Amino acid sequence: MNTQLTNLPIRVGVLGFGGLGQAAAKLLSSKGEMILVAAGDQKGYAYSTEGLNTQQCIQTYQSQGSVGYLEPFGTLSNSSIQDLIATGQPVDGYFLALPNLPNDFIPSVAQEFIKSGWRGVLVDAIKRTSAVEQLLSMKAELQAAGITYMSGCGATPGLLTAAAALAAQSYAEIHKVEITFGVGIANWEAYRATVREDIGHMPGYTVEKARAMTDAQVEALLDKTNGVLTLENMEHADDVMLEFAGICSRDRVTVGGIVDTRNPKKPLSTNVKVTGRTFEGKISTHTFTLGDETSMAANVCGPAFGYLKAGKQLHDRGIYGIFTAAEIMPQFVK
Ligand SMILES: NC(=O)c1ccc[n+]([C@@H]2O[C@H](COP(=O)([O-])OP(=O)(O)OC[C@H]3O[C@@H](n4cnc5c(N)ncnc54)[C@H](O)[C@@H]3O)[C@@H](O)[C@H]2O)c1
C-alpha cells in the first residue's frame, strides 16, 4: 500500500530507546505525517497499530528499564529486534537508534531484516567509515529483499554531509571538506553509546576497548578531562559517503570535534567548510554552521526522519538498495 498517496501517516518503529531513541519518539509526537507504532530496546519491545504514547513509553523505559513493560502493548524479550519483526505487524520504516557496538552490530541488524522477509525503509545514524562500508557491500542483498536502506543520516554523517554535497555544486573541483562539531550534553548517561563510541576514537582506544569499559571507567576517564572529549581526524563515514557520491576522494575529508558531557551548552559551533575551485579558477570556501541552540538530538533525529520520508518515496517507487545522506535530499516531515 502506498501510504503517501493515501495520505496515511508513515508507520515508524524506533529501535534503541536510549538518548536518541527517546528524542526521536518525542519529535514524532508532534508530526502528522508519521506515527510511532513500534519501539524496541535491549530487553523488550512495544507495538500498537494505533500509535504508541511517547510519554508512556519514556516513563516506562526510565522507571522499569524497558518499553517491554508497557501495558498492554509491551513484550519482554532478549532478542527484541528479531521478535518484533517476527510479529509481522506492519511497520513502514525503522530508525535504528542503536549503538554500533561492536562495529558490525548495525550491519548485523540489517541482516536480520533481510532474512526476515520484511520490506520497507531502514535509516541509521551510524558514524564509522568501516561500518558504512560494510552496509554498502550489502547493496545487492538489500535490493533483492525489497529494503530501501538510508545510511549515515544523523547530524554527522548526515545533515553536514548533505550540506557539503550541496555546497560542492558551486565548484568544479573540491579541495577539502572540514567538519567540526561541538556537542554539549548535561550528563554522559543520557547518551551512553554515543559517548562510548566517541571514546573509541581517542588515541589509545578502539571500539572494542571503549565497549568493554565499565561505567566507572568511563566516569574516571571523564573526570580526568573535566567531562570534555577532544576528537581529531576521526574515522568518520562522511569521507566514504562523499567519495561514493562522486564529490571528492575520501582523503580530502576531515572530521573532528569537542564533546562536553557536563554542560548542555555547545563548546563550539558545529560547522562544515567546503573549499573548492570554481570553473573560473577562483578558490573559495562555503561554510554551513548550525545554530548553537539546536541540540544533538534535534540535529540527528530531524534528518533521520527526513531521510526516512525520502526513503519511503523511493520504496514506493520500487527503488531498493542502499543510499547515503550525500546522495539523496531529505524530505521535510510535517
Ligand atoms: N550520526 C550522528 O550524528 C550521531 C550523533 C549521535 C549519536 N549517533 C549514534 O546513535 C546511536 C545511539 O546512541 P545513544 O547515545 O542514543 O545510545 P544509548 O546508549 O543512549 O541507547 C542505546 C539503546 O539501544 C538499546 N539496545 C542496545 N542493544 C540492543 C539490542 N541488541 N537490541 C535492541 N536494543 C538494543 C538500549 O537498550 C538503549 O535503549 C549510537 O550508535 C551513536 O553513535 C549518531
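Here, residues in each chain are numbered from 1, in the same order as that chain's written sequence. Under the rules for a predicted model, residues below a pLDDT of 70 receive no local features and side-chain atom pairs below 80 are neither given nor counted, while totals for whole chains, interfaces and linings still include all residues. Side-chain numbers come from the whole structure's heavy atoms, not from hydrogens or water.

> Can you break down the sheet that holds strand β6 (residues 120–124) residue by residue, with the values?
Paired strands, in this sense, are two strands between which DSSP finds at least two bridges. Elements are defined by DSSP. Helices are runs of H or I of four residues or more, strands are runs of E of two residues or more, and each kind is numbered from the N terminus. Within the open sheet, the eight strands sit side by side as β4-β3-β2-β1-β5-β6-β7-β13. Their pairing is mixed. Bordering the open sheet on either side are β4 (74–76) and β13 (321–324), each of which pairs with just one other strand. For this sheet, the mean angle separating the axes of adjacent strands, direction not counted, is 20°. Every angle, taken between N-to-C directions, lies between 0 and 180 degrees, and every axis is a line fitted to C-alpha atoms, over only the stretch in contact when it is a helix.

> Describe empty space enclosed by the protein, and please don't skip the residues or the numbers.
Empty space among the atoms can be located by rolling a probe the size of a water molecule over them. Here a cavity denotes grid points, spaced 1 Å and computed from the protein atoms alone, that fit a 1.4 Å probe unable to get out, and a pocket denotes an open set having protein on both sides within 12 Å along at least 5 of 7 lines; residues with an atom within 4 Å of a point are the lining. Grid points are joined across faces, edges and corners, and a volume is the space filled by probe spheres set on the points. Tallied over the full model, the rule gives one cavity of 30 Å³ or more. Estimated volume of the largest cavity: approximately 60 Å³. Together, N100, N103, I126, K127, R128, A131, E197 and V207 line the largest cavity. Tallied by class, residues from the lining of the largest cavity come to three nonpolar, two polar and three charged. Classification convention: Asp, Glu, Lys, Arg as charged; Ala, Val, Leu, Ile, Met, Phe, Trp, Tyr, Cys, Pro as nonpolar; all other residues, Gly among them, as polar.

> Describe in detail the side chain of D239, supporting the description with residues and values.
Summarising the element assignment, D239 is placed in helix α11 (residues 238–244). The buried label applies to any residue whose accessible area, calculated with a 1.4 Å probe on protein chains only, is under 20% of its type's maximum; exposed applies above 50%, and partly exposed to all values in between. Neither His nor the chain ends is counted toward charge; the positive residues are Lys and Arg and the negative residues Asp and Glu. A carboxyl oxygen of Asp or Glu within 4 Å of a side-chain nitrogen of Lys or Arg is what we treat as a salt bridge. One buried charged side chain, D239, makes no salt bridge at all; its nearest oppositely charged neighbour is R250, positioned 5.3 Å away. The contact rule is simple, with two residues in contact once any of their heavy atoms fall within 4.5 Å. Residues within four places of D239 in sequence aside, it is in contact with T129, R250 and V253.

> Kindly report on helix α5 (residues 129–136), identifying the contributing residues and their values.
An α-helical turn contains 3.6 residues, so any two residues separated by three or four positions project in the same direction. Where α5 is concerned, the buried positions are T129, A131, V132, L135 and L136. Projected down its long axis, α5 carries its buried residues within an arc of 165°, all on one side. Those residues of α5 hidden inside the fold are in contact with α4 (105–116), β6, α6 (139–145), β7 (147–151), α11 and β13. The arc in question is the one spanned by the directions pointing from the helix axis to the C-beta atoms.

> Requested: an account of the layout of surface pockets, with residues and values cited.
Its volume calculated, the second largest pocket comes out at about 240 Å³. Along its surface, the second largest pocket is lined by L27, K31, A298, G302, P303, F305, G306, P330, Q331, F332 and V333. Element by element, the count of residues in the lining of the second largest pocket is highest for helix α12 (residues 296–316), at five residues.

> Residues and numbers for the site of the ligand, please.
Near the ligand, the surroundings consist of 29 residues, among which L20, Y61, A155, T194 and E197 are the closest. Nitrogen and oxygen atoms within 3.5 Å of one another constitute a polar contact, given that in protein one can donate a hydrogen and the other can accept it, and given that sequence-neighbouring residues count only through two side-chain atoms. Backbone polar atom of L20 to an oxygen atom of the ligand: 2.8 Å apart, as the coordinates give it. A distance of 2.8 Å separates an oxygen atom of the ligand from a polar atom in the side chain of Y61. Broken down by element, the shell around the ligand gets its largest block of residues, four residues, from helix α8 (residues 192–199). Per-class residue counts for the shell around the ligand are 16 nonpolar, nine polar and four charged. Any residue with a non-hydrogen atom lying within 4 Å of a molecule or strand is treated as near it.

> Describe the pairing of β6, listing the residues and the values that go with them.
For β6, the tally of buried residues reaches five of five residues, placing the bulk of the element in the interior. As judged from the four bridges shared by strand β5 (residues 93–96) and β6, these two strands associate in the parallel manner. Bridging across to β6, G93 finds its partner in V121. The parallel pair β5 and β6, bridged by α4, forms a crossover whose chirality is right-handed. Sheet topology places β6 next to β7; four bridges connect them, and they run parallel. By the bridge assignment for β7, V123 is matched with M150. Look down the strands so they point away from you; if the path from the first strand over the helix to the second goes clockwise, the crossover is right-handed.

> Pulling in residues and values, what's your account of the UniProt feature "binding site: NAD(+)" (unreviewed entry) in the chain?
Taking the UniProt record as the reference, the feature "binding site: NAD(+)" (unreviewed entry) is found at G16, F17, G18, G19, L20, Y61, A193 and T194. Take G18: it is sitting in the loop between β1 (10–15) and α1 (19–28). Filtering out sequence-adjacent residues up to four positions away, G19 remains in contact with A190 and Y191. UniProt positions are given in the numbering used here, feature names are shortened, and annotations may be inferred rather than shown by experiment.

> Any chance you could break down the nonpolar core for me, citing the residues and the numbers?
In this text, buried Ala, Val, Leu, Ile, Met, Phe, Trp, Tyr and Cys residues form a nonpolar core when linked through side-chain atoms within 4.5 Å. In this structure, L96, F113, Y149, V177 and F305 are the most contacted members of the largest nonpolar core, which totals 109 residues. By residue number, the principal contributor to this core is α12, which donates 10 residues. The contact partners of Y149, leaving out residues within four places of it in the chain, are L96, I106, A110, L122, D124, L135, L142, G321, I322 and F323.

> Could you give an account of unusual backbone geometry, with specific residues and numbers?
Among all residues except glycine, the phi angle is most often negative; among peptide bonds, the trans geometry is most common. A cis amide bond, omega -5°, links E71 with the succeeding residue P72. Here P72 lies in the loop between α2 (54–64) and β4. The linkage connecting T156 with the following residue, P157, adopts the cis geometry, with an omega of 0°. Residue N226 is not a glycine yet carries a positive backbone phi of 55°.

> I'd like a description of the sheet that holds strand β9 (residues 228–231), backed by residues and values.
Taken in spatial order, the five strands of this open sheet run β9-β10-β8-β11-β12, and their pairing is mixed. The open sheet has two edge strands, β9 and β12 (283–289), and neither has a second partner. With strand direction ignored, the average angle separating the axes of adjacent strands in the sheet is 10°. Relative to strand β10 (residues 253–260), β9 runs antiparallel, the two being bridged by four bridges. Note that in β10 the partner of L229 across the bridge is V259. Strands in contact with helix α7 (residues 159–167) are β8 (173–184), β11 (271–277) and β12; relative to β11, the strand with the most contacts, it is inclined by about 25°.

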